[in-house]
Amino acid sequence: MTSPEPRHAEWMGLALSEARQALATADVPIGAVVIGPDGTVLGAGRNEREALGDPTAHAEMVAIREAAARLRERRADEGARDDGWRLADCTLVVTLEPCAMCAGAVVLARIPRVVFGAWDEKAGAAGSVFDILRERRLNHWVEVYGGVREQECGDLLRDFFAKHRGA
Ligand SMILES: [Zn+2]
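Everything numeric in this text was worked out from a predicted model, so none of it was measured. (Residues numbered from 1 in each chain as written. Predicted model: local features only at pLDDT ≥ 70, side-chain atom pairs only at ≥ 80, totals over all residues. Heavy atoms only, no water.)

1. So, the pairing of strand 4 (residues 113-118)
Here is step 1 of the chain: Of all 6 residues in strand 4, 6 are buried; the element is thus mostly enclosed.
Here is step 2 of the chain: Following the chain from strand 3 (residues 91-96) across helix 4 (residues 100-108) to the adjacent parallel strand 4, one finds a crossover that is right-handed. (Buried < 20%, exposed > 50% of the residue type's maximum accessible area, 1.4 Å probe, protein only. Helix = DSSP H or I, 4+ residues; strand = E, 2+ residues; numbered from the N terminus. Right-handed = clockwise from strand over helix to strand, strands pointing away.)

2. As for the coordination of the zinc ion
Here is step 1 of the chain: Taken together, His-58 (ND1), Cys-99 (SG) and Cys-102 (SG) make up the full set of protein donors to the zinc ion, lying 2.0 to 2.3 Å away.
Here is step 2 of the chain: On the primary sequence, the residues serving as donors to the zinc ion are separated as H-x40-C-x2-C. Here His-58 is found in the loop between helix 2 (49-52) and helix 3 (59-77), whereas its partner Cys-99 is found in the loop between strand 3 and helix 4, with 41 residues between them in sequence. One exposure class covers both His-58 and Cys-99, and it is buried. (Donors = N, O, S within 2.8 Å, 3.2 Å for Na, K, Ca; no water.)

3. Remarks on the layout of surface pockets
Here is step 1 of the chain: What the largest pocket holds in volume is close to 420 Å³.
Here is step 2 of the chain: In terms of lining, the largest pocket is formed by 17 residues, of which the most central are Val-28, Ile-30, His-58, Leu-96 and Asp-120.
Here is step 3 of the chain: For the lining of the largest pocket, the elements supplying multiple residues, two or more each, are helix 3, strand 3 and helix 5 (150-166).
Here is step 4 of the chain: When its residues are assigned to classes, the lining of the largest pocket shows 10 nonpolar, 2 polar and 5 charged.
Here is step 5 of the chain: In this structure, the second largest pocket encloses a volume near 230 Å³.
Here is step 6 of the chain: Around the second largest pocket sit Leu-96, Ala-118, Trp-119, Asp-120, Glu-121, Glu-150, Gly-154, Leu-157, Arg-158, Phe-161, Ala-162 and Arg-165, which together line it.
Here is step 7 of the chain: No other element matches the 7 residues that helix 5 contributes to the lining of the second largest pocket. (1 Å grid on protein atoms, 1.4 Å probe; cavity = no way out; pocket = protein on both sides within 12 Å on 5 of 7 lines; lining within 4 Å. Points joined across faces, edges and corners; volume = space filled by probe spheres on them. Nonpolar A, V, L, I, M, F, W, Y, C, P; charged D, E, K, R; others polar.)

4. Considerations on the packing of helix 3 against helix 4
Here is step 1 of the chain: Packing of helix 3 against helix 4 brings their axes to within 9 Å, and their N-to-C directions diverge by 20°. Considering the angle they form, helix 3 stands roughly parallel to helix 4. Between helix 3 and helix 4 the crossing geometry is left-handed. Listed contacts from helix 4 to Glu-60, Met-61 and Ile-64 of helix 3 are Met-101, Cys-102, Ala-105 and Val-106.
Here is step 2 of the chain: Looking at the contact of helix 3 with helix 4 residue by residue, the classes come out as 6 nonpolar, no polar and 1 charged. (Axes fitted to C-alpha atoms, helices over the stretch in contact; angles between N-to-C directions. Parallel < 35°, antiparallel > 145°, perpendicular 65-115°, else oblique. Left-handed = near helix turned anticlockwise from the far one by under 90°. Contact = heavy atoms within 4.5 Å.)

5. Observations concerning the pattern of salt bridges
Here is step 1 of the chain: As enumerated under the stated definition, the model contains 10 salt bridges in all.
Here is step 2 of the chain: One salt bridge in this structure joins Arg-70 and Glu-66, with 3.8 Å as the shortest N-O distance. Residue Arg-70 and its partner Glu-66 are both found in helix 3; the two are separated by 4 residues, about one turn of the helix.
Here is step 3 of the chain: The partly exposed category is assigned to Arg-70, whose relative accessible area is 33%.
Here is step 4 of the chain: As a salt-bridge pair, Arg-149 and Glu-152 come within 2.8 Å of each other at their nearest N and O atoms.
Here is step 5 of the chain: A network of salt bridges, in which partner residues are shared, links Asp-89, Arg-113 and Glu-143. (Salt bridge = Lys/Arg side-chain N within 4 Å of Asp/Glu carboxyl O.)

6. What about the side chain of His-140?
Here is step 1 of the chain: Counting through the fold element by element, His-140 comes out in the loop between strand 4 and strand 5 (143-145).
Here is step 2 of the chain: In this structure the side chain of His-140 is engaged in a polar contact, spanning 2.8 Å, whose partner is the backbone oxygen of Ile-111.
Here is step 3 of the chain: Setting aside residues up to four positions removed in sequence, His-140 forms contacts with Val-106, Val-107, Arg-110, Ile-111, Pro-112 and Leu-133. (Polar contact = N/O pair within 3.5 Å; in protein donor to acceptor, adjacent residues only side chain to side chain.)

7. Re the pairing of strand 3
Here is step 1 of the chain: Most of strand 3 is tucked away: 6 of the 6 residues are buried.
Here is step 2 of the chain: With 4 bridges joining them, strand 1 (residues 31-35) and strand 3 adopt antiparallel strand pairing. When the bridges of strand 3 are listed, Val-33 appears paired with Val-93.
Here is step 3 of the chain: When strand 3 meets strand 4, the two strands line up parallel, connected through 5 bridges. Across the sheet, the residue bridging to Leu-96 is Ala-118, located in strand 4. (Pairing = 2+ DSSP bridges.)

So far we have only geometry, and geometry alone does not tell us how the molecule works.
Have a look at this one:
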């Protein structure tokens, strides 16, 4: 695992703000952003599984959908029609290690780089339980930077579960 760049920590701050927005809701506070090739935010999302009653509404999925839609608009403005769904040269930044579904979505979106905060020893698919992002049998490999602002990302989750268990 390569050592994270300073901007990874900065981008994690954006994902953390997304995650904190979930604190007022019943959803587990996980946040994600997709950073475009120019360093701007293309998509942002937080876990909305409870709010939407949608088992696929993970932070990463929400952020990836938004980023793909935005890129598609941009490309349409430029007159391009093909491969609008590819998030080429983008970076997905998420507060918790992606699960198998989200790691699969990263591969399908051809996202080349993933930065995550806390490790998920129970369901993580970026090295903990599975390593879908670096699965050699798949035709797309992803650069992975784990443990970025790990403490803050993990504390957010631990606080949430402590509070909900106590309630
Ligand atoms: Zn997920």
